[in-house]
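Reading the structure
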Amino acid sequence: MDATAPVSGPIASEQTPSSDADGNRCALHIRDLTVAYHRKPVLWDVDLDVPPSVVAGIVGPNGAGKSTLIKAVLDLVPHASGTVEIFGKPYRKQRRLVGYVPQRESVDWNYPINALELVAMGLYRTIGWFRRVGPVYRRRALEALADVGMADLARRQISQLSGGQQQRIFLARALVQDADVYFMDEPFSGVDAATEKAIIAILQRLREAGKTVFVVHHDLETVREYFDYLIMLNMRVVSAGPVADVFTPENLRRTYGGRLTLLDRAVDAMGRSR
Amino acid sequence: MIWTSLDTWIVVAAALAGATCALIGSFLVLKKVSMMGDAISHAVLPGIAVAFILTGSRAGPVMLVGAALVGILTAVLVQLITRHARLEEGASMGVVFTVLFAIGLILIERAARNVDIHPEHVLFGAVELVPLHVISFWGWDVPRGVVLLVVVLAVNVLLVLLFFKELRLATFDPELATALGINANAVHYVLMVLVAMTTVAAFEVVGSILVIAMLIVPGAIAWLLTRRLLPFLLVSVGVSVVAAVVGHIAAITVPPLFGYADTSTSGSMATVLGLFFFLAMLFAPEQGLLARAWNTARLRLAIGSQDALGLLARAAEKAGEGSLSAAEFRDVSSSPFAGRRLRLAATLGLLRARGLVAARGGRYCVTVRGLEQGRAVLRSHRLWERFFYEDGQVELGELHTAADVLEHYTDPGLQQELAERFAGIATDPRGNRIPEESSPARRIGAPRARTPNDREKEPRA
């Protein structure tokens, strides 16, 4: 896959406002974001400006705050400070533009629902309060299931699906939202080869449709192949930009290198002292 | 058994209490916060006591308001303690509800001593007293407790119907719910308020300890029996209503059989629910112990059949005619039937019944259809040996064991893929010929139990 991102304006520099001189807005604009659990910072002073229409990988060691970054953007964890904007506005005003694929382990797969019902959950906001999931919406959910190659398993209870199939219906649930920006938390973790291919095909299609996709990823070997934009994270943004520019040995060392960076040690001390 | 109008009202009250508890309790089970039902059912006690002390009234609405407030208080305290003391949630609940409950007991002991709240009734309920306090509607006397239960049940049903989607999403995936703008935390609090109000309404009937059984056991039963949310709720509620009826009848009939006085309906009802749960665990269609044992037995029989037909196919290769005596079945090298006469007899009986094997003069001869299926097993077996030899670097001596397991889980599609991998190779690593594919490749006595195959049957992307 080559980088087809129509990069408009500067990508990531300290001065970039949420829109550039031509008025082209960033898909994701983050300024001074700090998130802390039990007062210990998990993300510290994150600045990020990601242009629209890219498939962006988020990489970093365990505990680097990759999932937390996504959750902070979606207002699922409280911000200690900072601002987050999606296409120039805070998330709560842009919900309908955003699709979310949580980690597969985050839900109980023994819950009594089938694949179709799970996918239809992506439409609950569109359907609105007090209303049932009507046939129109069921059809849309079925189409999304077909998109991920799961149409014939629509009535299957979700515990009866393999790990890869579960990941695919999670993806279908986000697709059915028909969002402009997608956040996917480790969609490739623990999936079979067929599912991996299906996910890549979907990423490709979303890219062609001009969507912006953020993917928390672990496998560094596939970074060049899957993504055209990369966010290297270790509590702070070590580097962010087109993969070709930022995926360098030097940046990798700064992201993953060393057991405890000076910053880690300082933060640890902070956590203990308060 | 003498059935009076008192009995009817008792059963109605018990059924209403059961139904309303089961409906709300189901969501606790689904949300995996069953302990919260425990916590709130105890914690409402001080709410009731304080409401009574402040207003001097035991009227339903006052009690419900007290309960609702305590429900919120409990949920907030549990969250605060979990967060700030960094305790696990179970421990926080344990701290909160026991302390609140103790305060409630003291308040009732001291301040409400001479009124009709008795600690004993608080703990275990007094459904027998329900019919004694009545309210008149157009000349029709209805017990006060029943009216309260009807109101709370109606509120619960209405809310569940109106917010069915939202409850489903918030209990299944709270993060997505919140991301979509359905505040899962708010749903949690609403649920806790409903649990508190339900508990109070059911108080007279079942008391604060047995109410936990009413909240949790029906959901646990539904968890075993159903796979969709609506049936889940219906089963949960239905089971409670049945338990109320059966429980009361048992309470007034069973002890007299042994020469004792009637026992408490609420205790009997909880016992019946426990019995239902036990039955569900045994007999649930897919997840029950018996269903699983049955599936295992079928799977073993199917595997045994395949093994036997495989042995016959091997014999046919060597001698031209596929027949073995019972002793030979057991004595061939690495026979799965060695020392297992019973298993062999059962397997051969099954194969004969299916017309895959015929018995002739103490020997068992494979039929044409049986041979075809035996060859398919052999084909899978030898393809797997080839696979492990080429890809797995498994020792020649250990190939057989590995292939012996997998041959039983190889459907025609998988066999086809293996064959394509090793196209042009006609033998297994030891030089035995891999039988040609018979047409159509059929699975033998296809095990209906879930095999690893079924689970991983992915549509090809």
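Look a little higher up for the structure.
The present account deals with the structure reproduced in this document. (Residues numbered from 1 in each chain as written. Chains lettered and ligands numbered in written order. Predicted model: local features only at pLDDT ≥ 70, side-chain atom pairs only at ≥ 80, totals over all residues. Heavy atoms only, no water.)

With that out of the way, let us pick up the overall build of chain A. Check the secondary structure of chain A and you find 10 helices and 9 strands. In chain A, which comprises 274 residues, the proportion classed as buried is 57%. By sequence separation, contacts in chain A at least 24 residues apart represent 67% of the contacts at least 6 residues apart. Approximately 11,800 Å² of chain A is accessible, and the part contributed by carbon and sulfur atoms is 48%. (Helix = DSSP H or I, 4+ residues; strand = E, 2+ residues; numbered from the N terminus. Buried < 20%, exposed > 50% of the residue type's maximum accessible area, 1.4 Å probe, protein only. Contact = heavy atoms within 4.5 Å. Areas by Shrake-Rupley, 256 points an atom, 1.4 Å probe, with all protein chains shown as cover.)

Take the overall build of chain B next. Assigned secondary structure in chain B consists of 18 helices and 5 strands. Against the 2.2 N^0.38 benchmark of 23 Å for 461 residues, chain B shows a C-alpha radius of gyration of 32 Å, more extended than a compact globule. When the backbone C-alpha atoms are referred to their principal axes, chain B occupies close to 95 × 55 × 40 Å. When burial is assessed residue by residue, chain B has 49% of its 461 residues classed as buried. Taking the intrachain contacts of chain B between residues at least 6 apart in sequence as the baseline, contacts between residues at least 24 apart amount to 71%. Carbon and sulfur atoms make up 64% of the accessible area of chain B, which amounts to about 21,400 Å² in all. Charge-centre separation for chain B: the mean point of 40 positive side chains lies 5 Å from the mean point of 37 negative side chains. (Rg over C-alpha atoms; globule rule 2.2 N^0.38 Å. Lys, Arg positive; Asp, Glu negative; His and termini not counted. Charge placed at Lys NZ, Arg CZ, Asp CG, Glu CD.)

Further remarks concern the packing of helix α2 (residues 34-55) of chain B against helix α3 (residues 60-84) of chain B. Residue and element names in this part refer to chain B. In the contact formed by α2 and α3, the axes pass within 7 Å of each other and the chain directions differ by 135°. Taken together, the axes of α2 and α3 lie oblique to each other. The interaxial crossing formed by α2 with α3 has right-handed handedness. Contacts from M36, A39, I40, A43, V44, G47, I48, A51, F52 and T55 in α2 reach V62, M63, G66, A67, V70, G71, T74, A75 and V78 in α3. (Axes fitted to C-alpha atoms, helices over the stretch in contact; angles between N-to-C directions. Parallel < 35°, antiparallel > 145°, perpendicular 65-115°, else oblique. Left-handed = near helix turned anticlockwise from the far one by under 90°.)

In this section: helix α4 (residues 89-111) of chain B. Residue and element names in this part refer to chain B. For α4, spanning 23 residues, the distance from its first C-alpha to its last is 32 Å, which sits close to the expected 33 Å at 1.5 Å a residue. What α4 keeps buried is the set S92, M93, V96, F97, L100, F101, G104 and I108. At the N-terminal end of α4, a side-chain oxygen is found 3.2 Å from the backbone nitrogen of G90, two or three residues along, and the residue is E88. (Expected span 1.5 Å × (residues − 1). Polar contact = N/O pair within 3.5 Å; in protein donor to acceptor, adjacent residues only side chain to side chain.)

This part is about the sheet that holds strand β9 (residues 236-242) of chain A. By way of backbone hydrogen bonds, the strands of a sheet pair with one another, either parallel or antiparallel. All names here are of chain A. If you walk across this open sheet you meet the 6 strands as β5-β6-β7-β3-β8-β9, and the pairing is mixed. Each edge of the sheet is formed by a strand with only one pairing partner; in this case those strands are β5 (98-101) and β9. Between one strand axis and the next, the sheet turns through 15° on average, direction left out of account. Contacts from helix α9 (residues 249-256) reach β3 (55-59), β8 (229-234) and β9, with the element oriented near 35° to β8. (Pairing = 2+ DSSP bridges.)

Residue and element names in this part refer to chain A. The 3 strands are arranged β2-β1-β4 in an open sheet whose pairing can be described as antiparallel. Each edge of the open sheet carries a strand with a single partner, namely β2 (40-50) and β4 (81-86). When the angles between neighbouring strand axes are averaged without regard to direction, this sheet yields 25°. Sheet analysis places strand β1 (residues 28-37) next to β4, joined by 5 bridges and oriented antiparallel. Each residue of the ladder has a partner; that of L28, found in β4, is I86. Where helix α1 (residues 66-73) meets the sheet, it contacts β1, β2 and β4, and its direction lies at approximately 115° from that of β1.

This brings us to the nonpolar core. Core analysis: the biggest nonpolar cluster contains 108 residues, and A:L28, A:I169 and A:F183 have the highest contact counts within it. Looking at this core element by element, the count peaks at 6 residues for helix α5 (residues 163-175) of chain A. For A:I169, the contacting residues outside a window of four places in its chain are A:W109, A:A115, A:L118, A:V119, A:L145, A:M150, A:I158 and A:L161. Residues B:F52, B:V70, B:V122 and B:V142 belong to the second largest nonpolar core, which totals 77 residues. (Core = buried A, V, L, I, M, F, W, Y, C linked by side-chain atoms within 4.5 Å.)

All names here are of chain B. Its place among the elements puts H400 in helix α16 (residues 399-406). In this structure the C-alpha to C-alpha distance between H400 and L180, which are 220 residues apart in sequence, comes to 54 Å. Residues in contact with H400, not counting those within four places in the same chain, are R314, S334, H381, E385 and R430. Side-chain polar atoms of H400 contact the side chain of H381, separated by 3.2 Å.

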